[in-house]
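Chain by chain, the residues run as shown.
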Amino acid sequence: MGYAAHWTGEVTITPPLTWAEIRNSTNLSDLQLRLEETAEDTETGRTTVTRAVAIEPIDMGLYNGYYVDVQLQMLVDAHPGHEFEGMIHAVPEDPGGNPWRYVIRDRRVVRQLPVAEWRDAD
């Protein structure tokens, strides 16, 4: 059983995913691809190029995010010719809950928890 969290952050994609790669990456429920479009006028009309430049949490505020890590790993595995950098951060709705984040290390999604330690006066 999970609990709701506020999700922020992004994982950038270098080079950005092409339209063909975007179409093959549509099975997302907890994450979304951030798209960037450029348009160019030509003699025969207008050409629009759509690329995915980042992965980010879906824009619905507070949600459980059960599959954030799974979907992030799926995207990394599906695109071996791309680099992924950044993090997706979760802050639980429960005021006593501990935040966590997912980062990419050596093409693996890693869950990180904050560490609190006491600093000695010396």
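Look above for the structure.
Quick caveat, the model's predicted, so the values are computed rather than measured.

### Description of the side chain of H82
- On the secondary structure map, H82 appears in the loop between α2 (68–78) and β5 (83–92).
- Only 2.9 Å separates the side chain of H82 from the side chain of E21, close enough to count as a polar contact.

### Quick look at the nonpolar core
- Among the nonpolar cores identified, the biggest contains 23 residues, and W7, L33, I55 and L72 are the most heavily contacted of them.
- Elements represented by at least two residues in this core include exactly β1 (5–17), β2 (31–42), β3 (45–57), α2, β5 and β6 (100–105).
- Per-element accounting of this core gives the leading share, 5 residues, to β1.
- Setting aside chain neighbours within four positions, we find I55 in contact with E10, V11, I13, L31, Q32, L33, L72, L75, F84 and I88.

### Considerations on α2
- When α2 is considered as a whole, its buried residues turn out to be V68, Q71, L72, Q73, L75 and V76.
- Contacts from the buried residues of α2 go to β1, β2, β3, β5, β6 and β7 (108–112).

### Focus: the packing of aromatic side chains
- Taken as a whole, this structure holds 4 aromatic pairs when the rule is applied.
- An angle of 65 degrees between the planes, with centres 6.4 Å apart, marks the rings of Y66 and Y67 as edge-to-face.
- Site record: aromatic cluster; members linked through ring pairs are W7, Y63, W100 and Y102.

Thresholds applied
- Residues numbered from 1 in each chain as written.
- Predicted model: local features only at pLDDT ≥ 70, side-chain atom pairs only at ≥ 80, totals over all residues.
- Heavy atoms only, no water.
- Helix = DSSP H or I, 4+ residues; strand = E, 2+ residues; numbered from the N terminus.
- Polar contact = N/O pair within 3.5 Å; in protein donor to acceptor, adjacent residues only side chain to side chain.
- Core = buried A, V, L, I, M, F, W, Y, C linked by side-chain atoms within 4.5 Å.
- Buried < 20%, exposed > 50% of the residue type's maximum accessible area, 1.4 Å probe, protein only.
- Contact = heavy atoms within 4.5 Å.
- Phe/Tyr/Trp six-rings, centres within 6.5 Å; stacked < 30°, edge-to-face > 60°.

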